[in-house]
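Tertiary structure, described
Listed here are the chains, written in short residue letters.
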Amino acid sequence: MAPLTWRHHTLLQALLSRGPLPEPDFHALFTDMTGGKNPATHKQLFVDTLGKINNELKYLNFDLRAGINQYDGTVYYGVINTIADEESKLGSKYSVPQIAFYKGLLEAIVQEAGNDGTITTIDAFNVRIDNQVIIADSTQDSQSRLPSSITNFSFNQKEKTLDDLIQDRWLSYTSPGNIGLGIRSFLDLRSWFRSNDIPSCEVCNEAGIKASTCPNEGCNVRIHSYCLKKKFSQRKASRACPGCSTEWPRQEGEDEHDDDEDTNEPEEGQQAPSAPSAVRSSRKRRKGVKAELVEEAERAGPSSAMPRRSSRRAKAEVAQEASSSAVASQPTRSSRRRKN
Ligand SMILES: [Zn+2]
Ligand SMILES: [Zn+2]
């Protein structure tokens, strides 16, 4: 296969040096690089080019992909590290307690009960980091064995880390005083969302971090607001939940005569426009994977099998725990699971 040309390197260089780029910027770059070939009119060339770049990147555990900022529906392109742990994703810039703080914030944001995908800055500063560090030897008191960098992680250090994480777009301000995920987390954590059982959007199958929930209390269906808008504008007659047929209320700002000109929105039943190597998992495959996981857990025996709880019930329990305790932040579901 022919090596990458200067054209490919130009695209890569832009993404690596400037970070994730909004789709219009990335498309403009592609158009420049190809002497006027717009991805909208030269779809195959665009897909082939990204495929060629990804063929080379995969040997280095990198991937060029598209992802959506779930707070505003904007599509971005970025190069991500496909090695799973946060330590390699956050690189050498962040220290162990800083990475532990990021993991704590991440868990608080994705498990936030309102499915808004945001926490207040006050909650952010109250995130515990001691439960993010795995103690190999459980025979001793774990608190006494924590490194002092963890136990002494100060308010000022949290403040500085929060600033850095927002600057580097791992996190973002979703509104004044509220913190959510940044575009790099949306791009990078696709497999983390899946392995942590974050419920997916019923329409696009991506994790529903910021999503609307079905008005029916007993139904766990989540749909991104941009997917909801697309789905219900196509079928004006029915606004029924795909899970339980309950009527979904109209969202704020949703117009009955909305046309479909917004190209940022993924087609119904498809993922966001994505680089060729991005996982295009069908709903069928997702169910298959889940079934396998259950089987695996059952084979492994009751000690390692987690009781399967509906996310709504789990959230209710977390809320109860939080309200019945004076501690501002509780150990989260996944950190508890780690100790099992
Ligand atoms: Zn969606
Ligand atoms: Zn429903």
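The rules behind the values
- Residues numbered from 1 in each chain as written.
- Chains lettered and ligands numbered in written order.
- Predicted model: local features only at pLDDT ≥ 70, side-chain atom pairs only at ≥ 80, totals over all residues.
- Heavy atoms only, no water.
- Donors = N, O, S within 2.8 Å, 3.2 Å for Na, K, Ca; no water.
- Tetrahedral: all angles 85-135°; square planar, octahedral: opposite > 155°, others 65-115°.
- Helix = DSSP H or I, 4+ residues; strand = E, 2+ residues; numbered from the N terminus.
- Buried < 20%, exposed > 50% of the residue type's maximum accessible area, 1.4 Å probe, protein only.
- Axes fitted to C-alpha atoms, helices over the stretch in contact; angles between N-to-C directions.
- Parallel < 35°, antiparallel > 145°, perpendicular 65-115°, else oblique.
- Contact = heavy atoms within 4.5 Å.
- Nonpolar A, V, L, I, M, F, W, Y, C, P; charged D, E, K, R; others polar.
- Pairing = 2+ DSSP bridges.
- Phe/Tyr/Trp six-rings, centres within 6.5 Å; stacked < 30°, edge-to-face > 60°.

**A look at the coordination of the zinc ion (ligand 1)**
Within the first shell, the zinc ion (ligand 1) binds the protein through C201 (SG), C204 (SG), H224 (ND1) and C227 (SG), at distances of 2.1 to 2.4 Å. Angles of 96 to 117 degrees at the metal separate the 4 donor atoms of the zinc ion (ligand 1), which places the site in the tetrahedral class. Ordering the donors of the zinc ion (ligand 1) by residue number gives the pattern C-x2-C-x19-H-x2-C. You can see C201 sitting in the loop between α11 (190–195) and β7 (212–213) and its partner C227 sitting in helix α12 (residues 225–234), a full 26 residues away along the chain. The burial state of C201 is the same as that of C227; both residues are buried.

**Side note on the packing of helix α5 (residues 96–110) against helix α9 (residues 155–167)**
Two numbers describe how α5 lies on α9: the axes approach to 10 Å, and their chain directions differ by 70 degrees. Relative to α9, the element α5 is oriented roughly perpendicular. Where α5 approaches α9, its residues Q98, F101, Y102 and L105 are matched on the opposing element by K158, T161, L162, D164 and L165. When the residues that make up the contact of α5 with α9 are grouped by side-chain class, the tally is 5 nonpolar, 2 polar and 2 charged.

**Quick word on the pairing of strand β5 (residues 171–175)**
Of the strand pairs in this sheet, β5 and strand β6 (residues 178–181) are connected by 4 bridges, and their pairing is antiparallel. Looking at the pairing, S172 lines up with G180 of β6. The antiparallel hairpin formed by β5 and β6 contains 2 residues in its connecting segment, where G177 sits at a positive phi of about 85 degrees.

**Thoughts on the coordination of the zinc ion (ligand 2)**
Taken together, the protein donors to the zinc ion (ligand 2) comprise C214 (SG), C219 (SG), C241 (SG) and C244 (SG), at separations of 2.3 to 2.4 Å. Classification of the site at the zinc ion (ligand 2) as tetrahedral follows from its 4 donor atoms and the range of 100 to 114 degrees in their angles at the metal. Written as a sequence motif, the donor arrangement for the zinc ion (ligand 2) is C-x4-C-x21-C-x2-C. Remark: C241 occurs in the loop between α12 and α13 (283–299) and C214 occurs in the loop between β7 and β8 (222–223); sequence separation between them is 27 residues. A residue is classified by how much of its surface remains accessible, and C241, at 2% relative accessible area, is buried.

**Regarding helix α2 (residues 23–33)**
Looking at α2, one finds that the buried residues are E23, F26, H27, L29, F30, T31 and M33. The inward-facing, buried residues of α2 contact α1 (6–18), β1 (21–22), α3 (43–57), β2 (62–69) and β3 (74–81). Phi for G35, located one or two positions after α2, is positive at around 70 degrees.

**Observations concerning the sheet that holds β3**
One open sheet accounts for 3 strands, arranged β1-β3-β2; its pairing is antiparallel. Where the open sheet ends on each side, the last strands, each with one partner, are β1 and β2. Pairing of β2 with β3, which is carried by 8 bridges, proceeds in the antiparallel orientation. Bridge pairing links A66 to Y77 in β3. The strands that α1 touches are β1, β2 and β3; relative to β3, the one it contacts most, it runs at about 90 degrees. Sitting on the sheet, α3 is in contact with β2 and β3, with an inclination near 130 degrees to β2.

**Thoughts on unusual backbone geometry**
At N115, a residue that is not glycine, the phi angle is positive and equals roughly 55 degrees. Its location among the elements puts N115 in the loop between α5 and β4 (118–120). Unusually for a residue other than glycine, R169 sits at a positive phi of about 65 degrees. Counting through the fold element by element, R169 comes out in the loop between α9 and β5. For R169, a relative accessible area of 27% translates into the label partly exposed.

**A few points about the sheet that holds β4**
Spatially, 3 strands are ordered β4-β6-β5 in an open sheet, and the strand pairing comes out antiparallel. For this open sheet the edge positions go to β4 and β5, each flanked by a neighbour on one side alone. Going from strand to strand, the sheet's axes swing by 40 degrees on average, the running direction of each strand aside. Packed on one face of the sheet, α5 meets β4, β5 and β6 and runs near 95 degrees to β6.

**As for the packing of aromatic side chains**
Overall, the coordinates contain 9 aromatic pairs when judged by the stated rule. Geometrically, the ring pair formed by F26 and Y77 is stacked, given 4.6 Å between the ring centres and 20 degrees between the ring planes. On the criterion of sequence distance, the pair formed by F26 in helix α2 and Y77 in strand β3 is long-range, its members being 51 residues apart. Relative to Y77, the ring of F46 lies with its centre 5.8 Å away and its plane at 80 degrees, an arrangement referred to as edge-to-face. Of this pair, F46 sits in helix α3 while Y77 sits in strand β3, placing them 31 residues apart in sequence. Across the pair, exposure class does not vary: F46 and Y77 are buried alike.

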